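# Notes for the structure review
So the chains spell out like this:
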Amino acid sequence: MKKETKTKILFFVILVGSVSMFTAVVTDHWAVLSPRVENVNTTCEAAHFGLWRLCKKYIYIEDEEFVGKSCGPISLPGEINCSYFRHFTPGEDSEIFEVKTQREYNISAAAIALFSLLFMILGTLCVLGSLRKGKDYLYKPAGMFFAFAGLCAIISVEVMRQSVKRMIESEETIWIEYYYSWSFACACTGFVLLLLSGIGLLLVSMPQIPRNPWETCTDAEPEQI
């Protein structure tokens, strides 16, 4: 396979990975949390959140078969109230715990995700610069930037995973069940594609290995005596 074909495939993979990571950063469906349903003819409070805000959905329960189970699914109709983490006004103890936990972890996860976007931008600038003739040497820094973006993405994913785990395991929280949603999947996809494409660009930028071990020696100019 020619080098140009390889780079075109890598550029397409980079595009898909960058779009996936950007989608994960700007959306708020990383995880869905559900409390236990205690009574019928009342509302239960499910929630989904991302890097920047948490959305609570009030779902009306009228069927007795839901009693003792988790609230949801989140796709059921209900009133939605979304709040950015810096705008939270905690009231009850459980809510104070949720806000404190989310602020601690989400600030870290969001900052790391922003570094991922920054590396993606720097890598894209290098790719655009490499489109000119004789600028193939920019593949190497572009590959490094995209690989770093992928690493930042998986670190952000792990911080968010620890955030959910801490909330679920605490005795102070109302949530009993959780699952990771499509924004989380987009971040994982971005991690895989950006890391692999970054490594691929680094390999493409390396000088071609000679087929025979003596090729470079025979091609060398004779020494002057």
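The rules behind the values
- Residues numbered from 1 in each chain as written.
- Predicted model: local features only at pLDDT ≥ 70, side-chain atom pairs only at ≥ 80, totals over all residues.
- Heavy atoms only, no water.
- Patch = residues over 30% accessible without salt bridge, like charges linked within 9 Å, V, L, I, M, F, W, Y side chains within 5 Å.
- Areas by Shrake-Rupley, 256 points an atom, 1.4 Å probe, with all protein chains shown as cover.
- Salt bridge = Lys/Arg side-chain N within 4 Å of Asp/Glu carboxyl O.
- Helix = DSSP H or I, 4+ residues; strand = E, 2+ residues; numbered from the N terminus.
- Buried < 20%, exposed > 50% of the residue type's maximum accessible area, 1.4 Å probe, protein only.
- Disulfide = S-S within 2.5 Å.
- Expected span 1.5 Å × (residues − 1).
- Axes fitted to C-alpha atoms, helices over the stretch in contact; angles between N-to-C directions.
- Parallel < 35°, antiparallel > 145°, perpendicular 65-115°, else oblique.
- Left-handed = near helix turned anticlockwise from the far one by under 90°.
- Nonpolar A, V, L, I, M, F, W, Y, C, P; charged D, E, K, R; others polar.
- Phe/Tyr/Trp six-rings, centres within 6.5 Å; stacked < 30°, edge-to-face > 60°.

### Regarding a nonpolar patch on the surface
Residues Phe115, Leu118, Ile121, Leu122, Leu125, Leu128 and Leu131 make up a contiguous nonpolar surface patch of roughly 690 Å² in combined accessible area. Relative to the elements of secondary structure, Leu118 occurs in helix H2 (residues 93-130). For Leu118, a relative accessible area of 41% translates into the label partly exposed.

### So, the state of the cysteines
The full count for this structure, using the stated rule, is zero disulfides. Cysteine Cys186 is unpaired, with the sulfur of Cys188 as its nearest cysteine sulfur at 9.4 Å.

### Examining helix H1 (residues 3-26)
Taking 1.5 Å per residue as the helical rise, H1 with its 24 residues ought to reach 34 Å, and the 35 Å between its terminal C-alpha atoms agrees with that figure. Here H1 has its buried residues at Thr7, Leu10, Phe11, Ile14, Gly17, Ser18, Ser20, Met21, Ala24 and Val25.

### Here we look at the packing of helix H3 (residues 139-169) against helix H4 (residues 182-205)
Where H3 meets H4, the axes come as close as 7 Å, and the angle between the chain directions of the two elements is 155°. Judged by the angle between their axes, H3 and H4 are roughly antiparallel. The way H3 lies across H4 gives a crossing that is left-handed. Residue classes in the contact of H3 with H4 are distributed as 19 nonpolar, four polar and one charged.

### What to know about the packing of aromatic side chains
Evaluation of the coordinates by the stated rule reveals six aromatic pairs. Taking 6.3 Å as the distance between ring centres and 20° as the angle between the ring planes, the aromatic pair formed by Phe119 and Phe145 counts as stacked. Of the two residues, Phe119 sits in helix H2 while Phe145 sits in helix H3, which places them 26 residues apart along the sequence. The class of Phe145 is partly exposed, set by a relative accessible area of 23%. Between Tyr178 and Tyr180 the ring centres are 5.6 Å apart and the planes differ by 75°, which places this aromatic pair in the edge-to-face class. Ring-pair connections join several aromatic residues into one group, and the members of that group are Trp30, Tyr178, Tyr180 and Phe184.

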